[in-house]
Amino acid sequence: MTASSSSDQQLRLLAVHAHPDDESSKGAATMAMYAAAGVDVMVATCTDGSRGDIQNPAMEADPHPKRDMAGARRLEMANAASVLGIQQRWLGFVDSGLPEGDPLPPLPPGCFALQPLERASAPLVRLVRSFKPHVILSYDENGGYPHPDHIMAHKVAVEAFDAAGDPDRYPGMGEPWAPSKLYYDRAFSPERFRALHFALEEAGLQSPYAERLAAWLEADAEGHTPPVPGHPTTTQVDCGDFFEARDDALRAHRTQIDPLGFFFAVSPDLQRTAWPWEDYSLIKSTVSSELPEKDLFAGIR
């Protein structure tokens, strides 16, 4: 079975994320916009987030996350999904944590990032075959940033996209279904941060992005500039009307998001003026669409 291009069908979008809170910092306004327009939107959360640290100073005294971080983040995820108007499913893996030190310590036994690819991908293949998404969103090969769970989330998303429609692969995981399009999220694109940085400066406001931009633009001792990103933006979804929903969903992840922090440095109104889009790279497609796109379902509707 393959995805139909019928214009009267129910459209479905599946976003694959490593931890609870990732869905709210990457593509949340896009998901909220499509959900409000009647698209079935689902987030697959690979891990329980149990090894996350408390990032919000206001939550330091809260006993729940210290006693049961996974349980606290499960409640936060439910609140964020409600704000965005989306469905959400847990794939059932244990957070790998972010190793620190030199040399890096080994990852904890049994964690998501150490699973064999087929074992890690099987729950997502099953979900793709049952939910039948036309479009899958994921991270690039670097995971968006090189957290071991983000890199594994990328691997399982690509594996599920390729395998879910093949009846000879993952037997017993449901009737085959082939999604039509695979995108990588570009939430942290230099172009976006540059636009927001200059918008803040023009408004006479302090920008928190200067250091990040300088690192991107800095040449090495031989005059080499950083490489061009491997996956340029092909698709910009105009979803500025849903930036408030995105921010509210982020705040729902109270253990992980400081409401006075980096993500809220630019007001939604200023963002709508400077960069009213969320950006994606179209990586694989079984349908024809003209680039650049403004709609993740271009060629499917």
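These figures come from a predicted structure and were not determined experimentally.

About the criteria used
Sequence positions are assigned chain by chain, starting from 1 and proceeding in written order. In keeping with the predicted nature of the model, local features appear solely for residues at pLDDT of at least 70, side-chain atom pairs appear and are counted solely at 80 or more, and the whole-chain, interface and lining totals rest on all residues. Working from all heavy atoms in the structure, the side-chain values ignore hydrogens and water. A run of DSSP states H or I qualifies as a helix once it reaches four residues; a run of E qualifies as a strand once it reaches two. Both are numbered from the N-terminal end. Our radius of gyration looks at C-alpha atoms and nothing else; its globule reference is 2.2 Å times the residue count to the power 0.38. When accessible area is computed with a 1.4 Å probe and restricted to protein chains, residues below 20% of their type maximum are described as buried, those above 50% as exposed, and intermediate ones as partly exposed. We call two residues in contact whenever any of their non-hydrogen atoms come within 4.5 Å of each other. Where accessible areas are quoted, they stem from the Shrake-Rupley method and a 1.4 Å probe; at the residue level, only the protein chains shown are allowed to cover. Charge convention: Lys and Arg are scored as positive, Asp and Glu as negative, and His as well as the terminal groups of each chain are ignored. Taken as the charge centre is NZ of Lys, CZ of Arg, CG of Asp or CD of Glu, depending on the residue. DSSP-based pairing: two strands are paired if at least 2 bridges between them are found. Only the stretch in contact is used when fitting a helix axis, every axis being a line fitted to C-alpha atoms; angles between N-to-C directions are given from 0 to 180 degrees. A pair of Phe, Tyr and Trp rings is counted when the ring centres sit within 6.5 Å of each other, with Trp represented by its six-membered ring. The angle between the planes then sorts it: under 30 degrees is stacked, over 60 is edge-to-face, the rest tilted. The rule is short: NZ of Lys or CZ of Arg within 6 Å of the ring centre and within 35 degrees of the ring normal puts a charge over the ring.

> For this particular structure, what's the right way to read the overall build of the protein?
The number of helices and strands found in the protein is 10 helices and 7 strands. On C-alpha atoms alone, the protein measures out to a radius of gyration of 19 Å, which is about the 19 Å that the 2.2 N^0.38 rule sets for 301 residues. Considering only C-alpha atoms, the protein reaches an extent of 55 × 45 × 45 Å along its principal axes. Counting over 301 residues, the protein shows a buried share of 52%. Taking contacts inside the protein between residues at least 6 apart in sequence as the whole, the part at least 24 apart equals 79%. Of the accessible surface of the protein, which amounts to about 14100 Å², a share of 52% is contributed by carbon and sulfur atoms. Here the protein carries 26 positive and 43 negative side-chain charges, and the mean point of each set is 6 Å from the other.

> So what exactly am I meant to see when it comes to the sheet that holds strand E6 (residues 235-238) here?
Picture the strands of a sheet paired through backbone hydrogen bonds; they go either parallel or antiparallel. The strand order across the open sheet formed by 7 strands is E3-E2-E1-E4-E5-E7-E6, and the pairing between neighbours is mixed. Whereas interior strands pair on both sides, the edge strands pair on one side only; in this sheet they are strand E3 (87-93) and E6. Averaged over all pairs of adjacent strands, the angle between strand axes in this sheet comes to 30 degrees, irrespective of strand direction. Judged from the 3 bridges that link them, strand E1 (residues 12-17) and strand E4 (residues 135-138) form a sheet pairing that is parallel. Residue pairing in the sheet places Leu 13 in a bridge with Val 135 of E4. Lying over the sheet, helix H6 (residues 148-163) contacts E1, strand E2 (40-47), E4, strand E5 (181-185) and strand E7 (277-285), oriented at roughly 170 degrees with respect to E5.

> Sorry, what's going on with helix H9 (residues 243-252) here?
Within H9, 7 of the 10 residues are buried, which leaves the element mostly enclosed by the surrounding structure. In the core, the buried residues of H9 are packed alongside helix H1 (22-25), helix H2 (28-36), helix H4 (69-84), helix H7 (190-202), helix H10 (268-274) and E7.

> Could you clarify how one ought to interpret the packing of aromatic side chains in this entry?
The description of two aromatic rings rests on the distance between their centres and on the angle between their planes. Per the stated rule, a full pass over the model turns up 9 aromatic pairs. Judged by centre distance (6.1 Å) and plane angle (5 degrees), the rings of Phe 188 and Phe 193 are stacked. Residue Phe 188 is classed as partly exposed on the basis of its relative accessible area, which comes to 26%. Looking at Phe 193, the relative accessible area reads 1%, which means it is buried. Consider the rings of Phe 193 and Phe 262, whose centres lie 6.0 Å apart with planes at 40 degrees: the pair is tilted. Placement of the pair is Phe 193 in helix H7 and Phe 262 in the loop between H9 and H10, with a sequence separation of 69 residues. Each member of the aromatic cluster is reached from another via a ring pair, and the members are Phe 188, Phe 193, Tyr 209, Phe 262 and Phe 263. Note that Arg 192 overlies the ring of Phe 193, its terminal NZ or CZ placed 5.6 Å from the centroid.

> Would you mind showing me how to read the environment of Ala 195 here?
Mapped onto the elements of the fold, Ala 195 is located in helix H7. Along the chain, Ala 195 and Gly 240 lie 45 residues apart, while their C-alpha atoms are 15 Å from each other.

Any functional reading would require information that these geometric values do not contain.
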